[in-house]
Structure formats: structure tokens, C-alpha cells
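# Examining the three-dimensional arrangement
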Amino acid sequence: MSEMLTCFPIVTGIMDENFVGRLVKDEKGKNWMIKCNDAGVRMVEAKLKGSLDDWLDKVDSDKEFNLIYWEDMFHNPYFWSTFNVQITEFEEDGIAIGLSCFHLLADPSCATMFIKAWADITLGRKMMTPPLCHPLPSQRHGNSNSGHRSYTDLINYYKSTIATTNLVPAIRHTTISFQFADPMVRACMTKEYGMRRNNPCKFGKLSGAVRAIEKEMEKIDNEGIMDLIEWLENNECRSSPLMNGCDLICSNLGGIDPYLATFEEGYDPLCVSYYVEPFAGVGHVLVLPSPSSGGAMSRVVMVTLPEMEAVKLCEDDLILNFSPTILMETRK
């Protein structure tokens with residue numbers, strides 16, 4: 001771990017006498033800033049009775065959270081770690097590795113790269129996925145370009161999410177996990193292709209929407225990002241909006257393949273889960289790769305919904321038609 005962290009300055013930090021603490025307030029005391037203080041990663045060891053296989057047969061989201069160590073921010077952030085690793089040893093057989101981190105520092109793709117790099121170093125191999133750190137451009141002290149027009153789309157989006165976030169009721173969410181076998185995924189794709197041919201108008205609108213989103217994404221450059229950062233600071237946004245608003249968010253993480261993170265030869269990961277918090281609004285849908293034994297097109301789908309909606313989803317006829325394996329059910 002120590003050797004691997006030398007390649008992750010955002011995680012391990014760098015000592016500097018001018019500041020202390022990983023998260024500190026800026027000079028005005030209004031906004032959080034990331035500062036490195038050489039705090040490293042907090043590691044916790046735990047033990048569970050039984051075997052990993054038996055535990056997986058009865059797992060739900062509450063039990064999975066027991067494999068993750070996390071602390072809310074202290075009143076003094078100097079002592080608070082933004083990255084935590086918990087290693088849980090099952091007394092009969094098996095080990096679980098849980099990583100939790102502040103979303104400001106890493107998203108699911110970055111977290112997966114972190115675990116893969118750790119596995120590579122542990123096996124004595126060369127790090128196959130070294131990190132790429134691209135700092136934000138320097139903040140502007142007054143825009144010197146009189147003809148500059150702010151990129152307002154991002155700003156308007158954050159305005160709307162701030163407004164809607166405050167209206168979201170506190171609802172208890174739960175996560176369920178389905179595994180769809182390779183033949184079922186191919187059958188679903190074939191069915192969708194047939195629907196596309198039979199109703200080209202409907203799917204033509206969908207393709208047009210995708211192209212429109214791509215065009216908007218191409219417009220966002222460094223200037224647009226800095227416009228948003230400056231707007232957030234100037235408007236003193238004390239309550240950060242939810243990352244993706246309050247609608248149902250679907251994310252395809254099929255390209256990150258966490259099952260390549262092998263810490264010991266001959267022992268591949270059995271199960272991988274991701275949680276993106278906070279849970280609010282309608283919920284999240286995460287599409288993940290399956291272990292290689294499931295076939296090239298096999299996928300795991302983790303769905304986080306309000307509890308009553310999650311129960312209905314497990315009984316939905318359309319879902320059941322594809323004969324999924326329910327890896328993780330609702331809380332019992």
C-alpha cells in the first residue's frame with residue numbers, strides 16, 4: 001500500500017508548512033478546499049464468522065455496509081481521513097476489501113483504478129493502470145477578456161438542482177442487485193433491435209437526444225468549468241447540490257472491469273459492489289461487469305430505490321422474463 005500511494009498524491013498528500021488538514025476553508029472561510037497533509041489512507045481490520053460464500057448467500061445492502069469503514073467529518077478536519085480501507089477476514093475462508101472515499105476526490109472509475117494499482121503492486125507486478133492527475137486551471141481574478149460570455153448551461157443546471165434538492169423528502173432507500181446471464185443480455189439486445197425496427201420514429205427521437213447531449217458535452221471546456229466554480233464561490237452556495245440532481249440516474253460502468261484486481265494468483269474477486277451516496281430522489285441504477293465466468297455480455301445491475309419501489313421491482317414481470325439471479329435482495 002505504501003509503495004502504491006507514492007503514485008497517488010491526491011490520496012497520500014504532501015507536507016507543507018503553510019497549511020494543515022486535508023479539507024480546509026478558504027481565506028474567506030466560505031468554501032472547502034482540498035489540501036494535502038500527508039495523512040495517507042486510514043486502514044481498519046475486521047473479522048467475521050463463517051465463510052465468504054455463506055455470507056454472500058445472505059447478503060443485503062446493510063450487511064455490505066459493514067464491510068466499509070467511514071467516519072463523518074470531525075469538527076476539526078485535520079484528523080479526518082478522506083480515504084478509508086477496511087480489510088475483513090472471514091474466519092473460515094475469504095477476504096473482503098472495502099474502500100470508501102470522499103466523492104470530491106474520486107468517482108467509481110478512480111476508485112477502481114486505485115484498487116487495481118494496489119493489486120498490481122501487491123503481486124510484485126508493474127502498475128498497469130497508473131493514475132493521471134489533471135489539475136484544474138488556475139482561478140481567474142476577474143476576467144480580462146471583455147468579450148467573454150459565461151457558459152451558463154452548467155450554472156443553470158446547478159441552480160435547478162439546488163432548488164429541487166431542498167424539496168426532496170427523506171426516504172429510506174435500499175439496494176438490490178441482479179445478475180443477467182450472457183444469453184439473457186443478448187436476448188434483450190435482440191428484442192430492443194426489433195423494437196427499433198418496428199418503431200423507428202420513437203427510437204429516432206432517442207438517438208437525436210443522445211446526439212444533442214453529446215453536442216452539449218463538447219461545448220464544456222476549461223472556461224465553462226471555471227465559470228461554474230466562480231459562480232458557486234460568488235453565490236456562497238453553502239448547501240452543495242446533489243451530484244446528479246434528484247432524478248433517476250443510470251450509469252454504465254461496464255468498461256472499468258474491477259475483476260482484474262487480483263491480489264493473489266489464482267484468486268479472482270467473486271463479487272464487486274459500488275455505492276454512490278447520498279441516496280436521494282428517485283434513485284440510482286449502476287450497470288457493472290460480471291465475473292468472467294458469466295460470459296462476455298453478462299452484467300450485474302445494482303438498483304437503489306425507495307424500499308417499496310425496490311420490492312415492486314423484484315416482482316416485475318418484465319425483469320423476471322430475463323431470469324436474473326438476485327445477488328442481493330431487499331433488507332429482511
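An account of the accompanying structure is given in this report.

Scoring rules and cut-offs
Residues numbered from 1 in each chain as written. Predicted model: local features only at pLDDT ≥ 70, side-chain atom pairs only at ≥ 80, totals over all residues. Heavy atoms only, no water. Helix = DSSP H or I, 4+ residues; strand = E, 2+ residues; numbered from the N terminus. Buried < 20%, exposed > 50% of the residue type's maximum accessible area, 1.4 Å probe, protein only. Expected span 1.5 Å × (residues − 1). Pairing = 2+ DSSP bridges. Axes fitted to C-alpha atoms, helices over the stretch in contact; angles between N-to-C directions. Salt bridge = Lys/Arg side-chain N within 4 Å of Asp/Glu carboxyl O.

### Description of unusual backbone geometry
A positive phi angle, close to 45 degrees, is found at Asp-257, a residue other than glycine. Here Ser-323, not a glycine, exhibits a phi torsion of approximately 50 degrees, which is positive. Positionally, Ser-323 belongs in the loop between α11 (317-320) and β10 (325-328). Looking at Ser-323, the relative accessible area reads 52%, which means it is exposed.

### Comments concerning helix α5 (residues 108-122)
Between its terminal C-alpha atoms α5 stretches 21 Å, which fits the 21 Å expected from 15 residues at 1.5 Å a residue. Along α5, the positions that sit buried rather than exposed are Pro-108, Ala-111, Thr-112, Phe-114, Ile-115, Lys-116, Ala-117, Trp-118, Ala-119, Asp-120 and Ile-121. Of the residues flanking the end of α5, it is Gly-124, one or two places downstream, whose phi is positive at about 80 degrees.

### Here we look at the sheet that holds strand β6 (residues 173-180)
Ordered in space as β7-β8-β9-β6-β10, the 5 strands form an open sheet in which the pairing is mixed. In this open sheet, the two edge strands, each paired with only one partner strand, are β7 (248-252) and β10. Between one strand and the next, the sheet's axes are offset by a mean angle of 20 degrees, whatever the strand orientation. As paired elements, strand β8 (residues 283-289) and strand β9 (residues 299-306) share 6 bridges and run antiparallel to each other.

### Things to note about the environment of Val-311
Within the secondary structure layout, Val-311 lies in helix α10 (residues 307-314). The sequence separation of Val-311 and Thr-174 amounts to 137 residues, and the corresponding C-alpha distance is 9.5 Å.

### Regarding the pattern of salt bridges
Two side chains with opposite charge may pair up if their charged atoms get near one another. Within the structure shown, the criterion is met by 5 salt bridges. Between Asp-62 and Arg-172 there is a salt bridge, with the nearest N and O atoms lying 3.8 Å from each other. Residue Asp-62 is found in helix α4 (residues 61-65), and its partner Arg-172 is found in the loop between α6 (152-165) and β6; the two are separated by 110 residues along the sequence. One connected set of salt bridges, linked through shared partners, spans Asp-62, Arg-172 and Glu-307.

Bear in mind that shape data such as this cannot, by itself, settle questions of function.
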